[in-house]
Amino acid sequence: MARIIVVTSGKGGVGKTTTSAAFSMGLARRGYRTAVIDFDVGLRNLDLVMGCERRVVYDFVNVINGEANLNQALIRDKRSDNLYVLPASQTRDKEALTREGVGRVLEELAQNFDYVVCDSPAGIERGATMAMYFADDALVVTNPEVSSVRDSDRMLGILASKSRRAENNEEPIREFLLLTRYSPERVHRGEMLSVKDVQDILSLDLLGVIPESPAVLTASNSGVPVILDDQSDAGQAYQDMVGRYLGESLPHRFLDLPKKGLFSRLFGG
Amino acid sequence: MSVTAPEARAEPASFELKATTFTLPTLRLFAGDLAALSAFLEPKIAQAPGFFRNAPVVVDLTHLPTEVALDFPLLVGVLRGLGMLPIGVRGGSAAHRETAQLMDLAILSQGARGPADAATARPTQAAAAPAAPAPATAPLPVGAGRIVTRPVRSGQRVYAQGGDLVVLATVSSGAELMADGHIHVYGALRGRALAGVKGNAEARIFCSDLRAELVSVAGHYRVSESLDPALAGRPVQVALRDGRLIIEAL
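This is a predicted model, so every value here is computed, not measured.

Conventions we followed
- Position labels on residues start from 1 in each chain and follow its written sequence.
- Naming scheme: in the order in which they are written, chains are lettered from A and ligands are numbered from 1.
- Local features are withheld for residues below a pLDDT of 70 in this predicted model, meaning they are given only at 70 or higher, and side-chain atom pairs are given and counted only at 80 or more; totals for whole chains, interfaces and linings count all residues.
- Calculation of side-chain values draws on the structure's entire complement of heavy atoms; hydrogens and water are dropped beforehand.
- Secondary structure is summarised from DSSP: a helix means a run of H or I of at least four residues, a strand means a run of E of at least two, and numbering begins at the N terminus for each.
- For every residue, the accessible area (1.4 Å probe, protein chains only) is compared with the maximum for its type, and the residue is labelled buried under 20%, exposed over 50%, or partly exposed between those bounds.
- The contact rule is simple, with two residues in contact once any of their heavy atoms fall within 4.5 Å.
- Each of two parts loses accessible area, computed with a 1.4 Å probe, when they are put together; buried area is these two losses added.
- Salt bridge, as used here, is a side-chain nitrogen of Lys or Arg placed within 4 Å of a carboxyl oxygen of Asp or Glu.
- Charged residues are taken to be Asp, Glu, Lys and Arg, nonpolar residues to be Ala, Val, Leu, Ile, Met, Phe, Trp, Tyr, Cys and Pro, and polar residues to be all remaining types, Gly included.
- Every axis corresponds to a line fitted to the C-alpha atoms, with the helix fit spanning only the stretch in contact, and the corresponding angles, defined between N-to-C directions, vary from 0 to 180 degrees.
- Orientation categories follow fixed angle ranges, with anything under 35 degrees roughly parallel, anything over 145 roughly antiparallel, 65 to 115 roughly perpendicular, and all other angles oblique.
- Take the far helix as your reference; a near helix turned counterclockwise from it by less than a right angle gives a left-handed crossing, and one turned clockwise gives a right-handed crossing.
- Residues grouped as a nonpolar core are buried Ala, Val, Leu, Ile, Met, Phe, Trp, Tyr and Cys residues, joined through side-chain atoms within 4.5 Å.
- For two strands to be treated as a pair, DSSP must find at least two bridges joining them.
- As defined here, a cavity is a set of points on a 1 Å grid over the protein atoms alone where a 1.4 Å probe fits but cannot get out. A pocket is an open set with protein on both sides within 12 Å along at least five of seven lines, and residues line them when an atom is within 4 Å of a point.
- Grid points are joined across faces, edges and corners, and a volume is the space filled by probe spheres set on the points.
- Domain delimitation in this document rests on an assignment produced automatically or drawn from a domain database.
- Pairing of aromatic side chains requires ring centres within 6.5 Å, counting the rings of Phe and Tyr and the six-membered ring of Trp. Pairs whose planes differ by under 30 degrees are stacked, by over 60 edge-to-face, and all others tilted.
- Criterion for a charge above a ring: Lys NZ or Arg CZ within 6 Å of the ring centre, and within 35 degrees of the ring normal.

1. Considering the overall build of chain B
Counting its regular elements, chain B contains seven helices and 15 strands. By residue count, 44% of the 250 residues in chain B fall in the buried class. In chain B, the share of contacts with a sequence separation of at least 24, taken over all contacts with a separation of at least 6, comes to 39%.

2. Let's talk about the interface of chain A and chain B
With 14 residues of chain A at the interface, the matching set in chain B holds 11 residues. With both sides pooled, the region where chain A packs onto chain B buries about 980 Å², and carbon together with sulfur makes up 37% of that total. For the chain A face of the interface with chain B, the top three residues by lost area are A:Arg150, A:Asp153 and A:Arg154, together amounting to 40%. Summed over the shared surface of chain A and chain B, the result is three salt bridges. Mapped by element, the contributors of at least two residues to the side of chain A that touches chain B are α7 (146-162) and α10 (195-202) of chain A. Looking at which element gives the most residues to the side of chain A that touches chain B, the answer is α7(A), with seven residues. In terms of residue class, the side of chain A that touches chain B is built from six nonpolar, three polar and five charged.

3. As for the environment of A:Asp205
Residue and element names in this part refer to chain A. Inspection of the secondary structure puts Asp205 in strand β8 (residues 205-211). Along the sequence, Asp205 and Asn69 sit 136 residues apart, while their C-alpha atoms lie 38 Å from each other. Beyond its immediate sequence surroundings of up to four residues, Asp205 is in contact with Glu175, Phe176 and Leu177.

4. Quick notes on the packing of helix α2 (residues 34-47) of chain B against helix α4 (residues 72-81) of chain B
Residues and elements named next belong to chain B. The interhelical angle for the contact between α2 and α4, taken along N-to-C directions, is 15 degrees, at an axis separation of 10 Å. As the angle between them shows, α2 and α4 are arranged roughly parallel. Considering only the axes of α2 and α4, their crossing is right-handed. Along the contact surface, α2 presents Leu34, Leu37, Ser38 and Leu41, while α4 presents Leu74, Leu75, Val78 and Leu79. For the contact of α2 with α4, the residue count by class is seven nonpolar, one polar and no charged.

5. Some points on the nonpolar core
Among the nonpolar cores identified, the biggest contains 53 residues, and A:Phe39, A:Phe60, A:Leu86, A:Val102, A:Leu109 and A:Val116 are the most heavily contacted of them. A:Val14, A:Phe23, A:Met25 and A:Ile227 belong to the second-largest nonpolar core, a separate cluster that totals 35 residues.

6. Some words on the environment of A:Glu108
All names here are of chain A. Residue placement: Glu108 occurs in helix α5 (residues 99-112). Judged by relative accessible area, Glu108 falls into the partly exposed class, the value being 41%. Sequence separation between Glu108 and Ala128 is 20 residues, and the spatial gap between their C-alpha atoms is 20 Å.

7. Topic: the sheet that holds strand β4 (residues 106-108) of chain B
All names here are of chain B. The four strands lie next to each other as β1-β2-β3-β4, forming an open sheet whose pairing is parallel. Strands at the two margins of the open sheet, each flanked by one partner only, are β1 (26-28) and β4. Pairs of neighbouring strands in the sheet enclose a mean axial angle of 35 degrees, with direction left out of account. Across three bridges, strand β3 (residues 85-90) lies against β4 in parallel orientation. By the bridge assignment, Arg90 is partnered in β4 with Leu108. Sitting on the sheet, α4 is in contact with β1, β2 (56-60) and β3, with an inclination near 135 degrees to β3.

8. Observations concerning empty space enclosed by the protein
Residues and elements named next belong to chain B. In total, this model carries three cavities of 30 Å³ or more according to the counting rule given. Every residue lining the largest cavity is listed: Pro73, Val76, Gly77, Arg80, Leu194, Val197, Ser216, Ala218 and Gly219. Counting residues per element, the lining of the largest cavity draws most heavily on α4, at four residues. Shared between two domains, the lining of the largest cavity holds at least three residues of each, these being domain 1 (26-121) and domain 2 (145-249).

9. What to know about the pattern of salt bridges
All chains considered together, the criterion is met by 29 salt bridges over all chains. In this structure, A:Glu167 and A:Arg99 form a salt bridge, with 3.7 Å as the shortest nitrogen-oxygen distance. Of this pair, A:Glu167 sits in helix α8 (residues 164-167) while A:Arg99 is found in helix α5, placing the two residues 68 residues apart along the sequence. Exposure remark for A:Glu167: the relative accessible area of 44% places this residue in the partly exposed category. Judged by relative accessible area, A:Arg99 falls into the partly exposed class, the value being 33%. Between B:Arg211 and B:Asp209 there is a salt bridge, with its nearest N and O atoms 2.9 Å apart. B:Arg211 sits in the partly exposed class, given a relative accessible area of 43%. Classification of B:Asp209 by relative accessible area gives buried; the value is 17%. Linked through salt bridges whose partners overlap, the residues forming this network are A:Glu185, A:Arg186, A:Arg189 and A:Glu191.

10. Quick notes on the packing of aromatic side chains
Residues and elements named next belong to chain A. In this structure the tally under the stated criterion is seven aromatic pairs over all chains. Both rings, one in Phe23 and one in Tyr245, keep their centres 5.1 Å apart while their planes meet at 90 degrees; by these two values the pair is edge-to-face. One end of the pair, Phe23, is in helix α1 (residues 16-29); the other, Tyr245, is in helix α12 (residues 233-245), and 222 residues separate them in sequence. Here Phe23 falls in the buried class, since its relative accessible area comes to 0%. Owing to a relative accessible area of 8%, Tyr245 belongs among the buried residues under this scheme. Clustering of aromatic rings is evident, with ring pairs tying together Phe23, Tyr32, Tyr115, Phe176 and Tyr245. The ring of Phe113 carries Arg33 above its face, with NZ or CZ at 4.9 Å from the centroid.

The structure is reproduced here in structure tokens:
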């Protein structure tokens, strides 16, 4: 049986889809059969970030409605044989996601995969609640600013009360914090919340800190999950985060200001 | 016969269940702004303090838009703080009525305007009037209450009915704690805490790290803006003394 992981945040634009793409690719590269599902029906993006937008035939809603079977809708990633993408429908809205339908699809995926990653839409409405309802684990993606932190907190409350595990009184969803778009320089200048501030407010296990990096935008635009960019700090940070999720104990990197050389100190570089 | 007669009469003489009509002041809400409500009522009460002291009040929600979320604990608190005894509500959405019931407010029938209609409202009104002040003085049962071990997140609401509430984790901003008795928080308290929501003036709030948005005891409340900044982040207790909300470091 697969473990179902929801990537969620409440707030939009914090990096859920980037994280879903990187995280699922990271799991697949380590040899786990992984499926990643786009729950953002009507505003699909995951196919673009994964670079498979030109191969979409059937989508998640088609499978829920029985118009296609899972094998027809799943798109195999060209870079990893272990990774499959289930795209969202662009022509429907979130009402198409029924609890029975989503449950049936996830159950079928769980038979054939090790991990199922659910890319949640922003907000706390149907799409988001459907993405998290069946989850075993939750990656809460948060930016180091107050509104994102509050929205994540709200989402954590929903995870704790409205999920299948909560409703059946099972062991609660495991919750992990992923801090994205982190800029040590701006933290140093007092413009951004620090890792410690966010952890104090959310009191959550920190799975990773992804630094603000131009590599993320470049990767998204070219349809390559940023975790494949071994040279970039963001790519390496995602690799660390996948390792930590799988139980490795790795120190957090990219938290401190880079040490400036004599030259840049003299000339304010 | 003359000896037994008083005994035979003893029972019906001690108790009698009867319907009686009361004329009650009704507070009609058109909006949910409680600060404005307070500002509206204060001068009126100043004019006739004797009239409003312990006066039972019915809150009429008929004209309140259904989508307006009404903060009932605070509403009850505001009214009690002004010396009135809110005993029931009329009208309002199903959600309004549900939260009102949680606060032990009676749900009165909608159209008790004419004398003919009054008949239907009478039993509930008569039953509600003596019931409302009772919880204020009733002692709390020992051991009743709730213990919460996980963080209370923004948007969550925890209510310990009939007892104390103990939270062993953080309470986020936007979360709300309510208890009929005391509230203890052993993590950071960043949300709202309302102790003695049914009017128990002996209730207190204890917390190890005060950063609350609002604290209230038996309806006397203070928002974070009016908290002493020197107490922020410190262990404190909040209690009611001579009708004043006291916040002091522990």
